[in-house]
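Residue-level structural notes
The chain contents come next:
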Amino acid sequence: DSGVTQTPKHLITATGQRVTLRCSPRSGDLSVYWYQQSLDQGLQFLIQYYNGEERAKGNILERFSAQQFPDLHSELNLSSLELGDSALYFCASSVVGSNSPLHFGNGTRLTVT
Amino acid sequence: GQQLNQSPQSMFIQEGEDVSMNCTSSSIFNTWLWYKQDPGEGPVLLIALYKAGELTSNGRLTAQFGITRKDSFLNISASIPSDVGIYFCAGQKGGTSGSRLTFGEGTQLTVNP
């Protein structure tokens, strides 16, 4: 158990809809990262938050947004969903420090129909 | 997109055999990490490497941080059926480039009993 909790585990929704994925980091970790894993793209970095502030942005679509709350949990919002957004979405967390390993949750499997 | 080239893509071996996989990059990373992912779960950290030339073991696993800082390899000795899964290398630039990870494409390992 990595200590990173993600909910829900599975999500099935229709095109055009909006969903919210939730992540609770490991106790003491201030940084939260979101990754997307699809069959043909591997693990792609989306966005990082550190102590409530956006720290780095990767290949995140404009239809997607995230935030980190004062209690350090994070939410990833996906809107105007398309079939191609179907993927596993992972949250990871790390302690302060630029060379800290990331610890991953078990992901949310999103299926867009 | 991906910057790390991981090989081989897949391996089919007999129980008891040794396994080797590697990762190369066109750019320098300051930390190399190896993760294992089982079906339906998130990547789990196996080994983290912090210095060029470093050789680190974790049980039957041994990993090395290449001297050029552009490559790393992972060896698994005396494989067992529970070694089955997808192994990912990941590089972390650190410093002002941040703590996010860039992942390789993964090596799918199958161990035949």
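Residues numbered from 1 in each chain as written. Chains lettered and ligands numbered in written order. Predicted model: local features only at pLDDT ≥ 70, side-chain atom pairs only at ≥ 80, totals over all residues. Heavy atoms only, no water.

**Some points on the interface of chain A and chain B**
Rules: In what follows, a contact means two residues having at least one pair of non-hydrogen atoms within 4.5 Å. Here's the idea: put two parts together, see how much 1.4 Å probe accessible area each one loses, and the total over both is what we call buried area. Within this document, salt bridges are pairs made up of a side-chain nitrogen of Lys or Arg and a carboxyl oxygen of Asp or Glu, the two lying within 4 Å of each other. Strands are runs of DSSP state E lasting at least 2 residues, helices are runs of H or I lasting at least 4, and numbering of each runs from the N terminus.
On the side of chain B, 23 residues touch chain A, which itself brings 24 residues to the contact. Together chain A and chain B conceal approximately 1700 Å² of surface at their shared face, both sides included; 50% is due to carbon and sulfur atoms. For the pair chain A and chain B, the number of links is zero salt bridges. Among the secondary structure elements, those contributing two or more residues to the side of chain A that touches chain B are β4 (31–38), β5 (42–50) and β10 (103–104) of chain A. No other element matches β5(A), which puts five residues into the side of chain A that touches chain B.

**Describing the packing of aromatic side chains**
Counted only if it meets this: Pairing of aromatic side chains requires ring centres within 6.5 Å, counting the rings of Phe and Tyr and the six-membered ring of Trp. Pairs whose planes differ by under 30 degrees are stacked, by over 60 edge-to-face, and all others tilted. Buried, partly exposed and exposed residues are distinguished by accessible area as a fraction of the type maximum, computed with a 1.4 Å probe on protein chains only: under 20%, between the cut-offs, and over 50%, respectively.
Under the criterion given, the structure shown has ten aromatic pairs over all chains. Judged by centre distance (5.5 Å) and plane angle (90 degrees), the rings of A:Tyr35 and B:Phe103 are edge-to-face. Of this pair, A:Tyr35 sits in strand β4 while B:Phe103 sits in strand β10 (residues 101–103), placing the two residues on different chains. Summarising the burial analysis for this pair, A:Tyr35 and B:Phe103 share the class buried. Between A:Phe104 and B:Tyr35, the ring centres sit 5.5 Å apart and the planes meet at 90 degrees, which makes this aromatic pair edge-to-face. Of this pair, A:Phe104 sits in strand β10 while B:Tyr35 sits in strand β4 (residues 31–37), each in a different chain. Residue class for A:Phe104 comes out buried when judged on its relative accessible area of 3%. Owing to a relative accessible area of 0%, B:Tyr35 belongs among the buried residues under this scheme.

**Brief notes about the sheet that holds strand β7 (residues 64–68) of chain A**
Residue and element names in this part refer to chain A. So the rule is basically this: Between any two strands, pairing holds if DSSP finds at least two bridges. Axis angles are defined between N-to-C directions and span 0 to 180 degrees, where every axis is a line fitted to C-alpha atoms and, for a helix, only to the segment in contact.
Read across the sheet, four strands follow the order β1-β3-β8-β7 without closing on themselves; strand pairing throughout is antiparallel. The sheet is open, and its two edges are formed by β1 (5–7) and β7, each paired on a single side. Going from strand to strand, the sheet's axes swing by 15 degrees on average, the running direction of each strand aside. Taken together, the five bridges between strand β3 (residues 19–24) and strand β8 (residues 74–78) define a ladder with antiparallel strand orientation. Within the sheet, the bridge partner assigned to Cys23 lies in β8 and is Ser74.

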